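# Structural overview for review
Residue strings, one per chain:
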Amino acid sequence: MNQAAASALDTERNHECILEFAGVQLVADPAGCLYWPQERLLVFSDLHLEKGSSQAIRGRMIPPYDTGATLKMVRDCIFRWQPSSVISLGDSFHDGGGEGRLPDTFRRLLTECMTGRDWVWISGNHDPVLPAALGGIAADVLALGPLTFRHEPLLQSGSGEISGHLHPQARIVRRGKSVRRRCFATDGSRLIMPAFGAYTGGLNIRDKAFGGLFDLSRLHAHVMGRERIYTIDSRQLV
Amino acid sequence: MLIETFPRGERYYMVAYPFEGRLAHQTLGMLLTKRLERAKARPLGFVATDYALAVWGLMDFGRMFSRNELPLSALFDEDMLGDDLEAWLDESFLLKRTFRYCATIAGLIEKRHPGKEKSGRQMTVSSDLIYDVLRSHDPGHILLEATRADAAQGLLDVHRLGDMLSRIKGRIVHKGLEQISPLAVPIMLEIGKESVAGDAQEALLAEAADELLKESML
């Protein structure tokens, strides 16, 4: 680990949350990415790049700045962790033509993020075929040691699956006030990552789409606060 | 001007009676919560009627006033109409709501109709997300201008508020009460309409997380 990364780790240490997952230690970053120190691997899920322009094609003219906002956050995270490899866990682009519409400035920003490290594009339902032009490796599933990375969680996946797709959010109600935030959801054998993209919404982990995926008695939500992760027991979620 | 503070439930309340009308009170409410947030009083929300304004939060406002940790004269100082107003407007829920109307009229987003609700994950692009992205990348956007104009006209009544703040200077009476007063009952019935984002939300998350910690140590 280089000097910058070491000092970044020191100053940030209080804010991240270390997860024991399938026998390895992972770090949940409050920005919404996941770092595996032992492999120097950084994972982002559901970037949904070019979602704004995708909507524009269908006649809904929403502001197209989402890609820039998302990529700048990606760059900041990469700078913080200095990973040797990065996985983008599917739905990296909002649609198949997303890569083609990527404006030059953002393409350069993405290339800057990718330079000097291995980059894996996991395919998702929004981007089943990944564009070759950007470089990096494309795959449907990636197994690495005890962990399996795939976009959409499988009901019978076995232990150690890390996925995205569902955009988990946790909601609590305390003192008559509700707070809802993106979260990492895990029961120790499966982990579902929050969506990273600027224009991505979220789905409450109590929603039926999450049915059968978790052992509810061991489910925890690692909720993304402003500067730190809050680990909250599933019984407190509504 | 009379100000009452009292605890109720697990919250602390402050009720002020400026009698300046709902719009001015609403603006005052936004600005006060901003200041209280900065003073670490963790405000949770406020509500305004034509007669009064109630603010509630997690810290005992009354004690902060009487111990002079947060002097009332500073809290109600006229300078709040400057930077505070700008800062609050930028991240305010009221402005986001106004933006939602503007964005709907512009055809950016569609109204949700009963029976046709989409799940949150689906894209009825949340107007909040658009608002945040526009604000950081295109602050001069015509929709944001329209939003500000709408808000200044419909929601703020800044002028009347300014007159009131200069009039009450040095004439604030604070009553620290043990329980809700008869005067405060009508406004307490209005509660639950405006919310404040920020430290208080983080505090609630931290509380929920602490609960887990406590349990695991038992």
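Within chain B, the regular secondary structure consists of ten helices and six strands. Here chain B holds 218 residues, and the buried ones make up 35% of them. Residue pairs at least 24 apart in sequence account for 73% of intrachain contacts in chain B once pairs closer than 6 positions are excluded.

Along its 13 residues, helix α5 (residues 93-105) of chain B runs 19 Å from first to last C-alpha, staying within 8% of the 18 Å computed at 1.5 Å per residue. Two residues or fewer past α5 of chain B, Gly-107 of chain B is found with a positive phi of approximately 85 degrees.

Okay, the sheet that holds strand β2 (residues 24-28) of chain A next. All names here are of chain A. The mixed open sheet is built from seven strands, whose spatial order is β1-β2-β3-β4-β5-β6-β7. Unpaired on one side and paired on the other, β1 (17-21) and β7 (137-139) mark the two borders of the sheet. Direction aside, neighbouring strands of the sheet carry axes that sit 25 degrees apart on average. Taken together, the three bridges between strand β6 (residues 118-122) and β7 define a ladder with parallel strand orientation. In the strand pairing of β7, Trp-121 is matched with Ala-138. Strands in contact with helix α3 (residues 66-81) are β3 (34-36), β4 (41-44) and β5 (85-88); relative to β4, the strand with the most contacts, it is inclined by about 160 degrees.

With that out of the way, let us pick up the interface of chain A and chain B. Interface size is often expressed as the accessible area that is lost when the parts come together. Counting residues at the interface gives 28 residues for chain A and 27 residues for chain B. Sorting the residues of the side of chain A that touches chain B by element identifies α3, β11 (168-174), β12 (177-186) and β16 (229-233) of chain A as the ones contributing at least two each. Among the elements that line the side of chain A that touches chain B, the one with the most residues is β16 of chain A, at four residues. When the residues that make up the side of chain A that touches chain B are grouped by side-chain class, the tally is 13 nonpolar, eight polar and seven charged.

With that settled, the discussion passes to the confidence of the model for chain A. Confidence in the prediction for chain A averages 86 pLDDT; 93% of positions are at 70 or higher. Below a pLDDT of 50 lies the segment residues 1-14 of chain A, which in the model reaches eight contacts outside its immediate sequence neighbourhood of four places, other chains included.

This part covers the environment of Met-188 of chain B. Residues and elements named next belong to chain B. Relative to the assigned elements, Met-188 resides in helix α9 (residues 185-188). A C-alpha to C-alpha distance of 9.4 Å links Met-188 and Tyr-13, two positions 175 residues apart in sequence. When neighbours within four sequence positions are excluded, Met-188 is seen to be in contact with Ala-54 and Ile-180.

About the criteria used
Residues numbered from 1 in each chain as written. Chains lettered and ligands numbered in written order. Predicted model: local features only at pLDDT ≥ 70, side-chain atom pairs only at ≥ 80, totals over all residues. Helix = DSSP H or I, 4+ residues; strand = E, 2+ residues; numbered from the N terminus. Buried ≥ 20, exposed ≤ 12 C-beta atoms within 10 Å, placed from the backbone. Contact = placed C-beta atoms within 7 Å. Expected span 1.5 Å × (residues − 1). Pairing = 2+ DSSP bridges. Axes fitted to C-alpha atoms, helices over the stretch in contact; angles between N-to-C directions. Nonpolar A, V, L, I, M, F, W, Y, C, P; charged D, E, K, R; others polar. pLDDT = per-residue confidence, 0-100.

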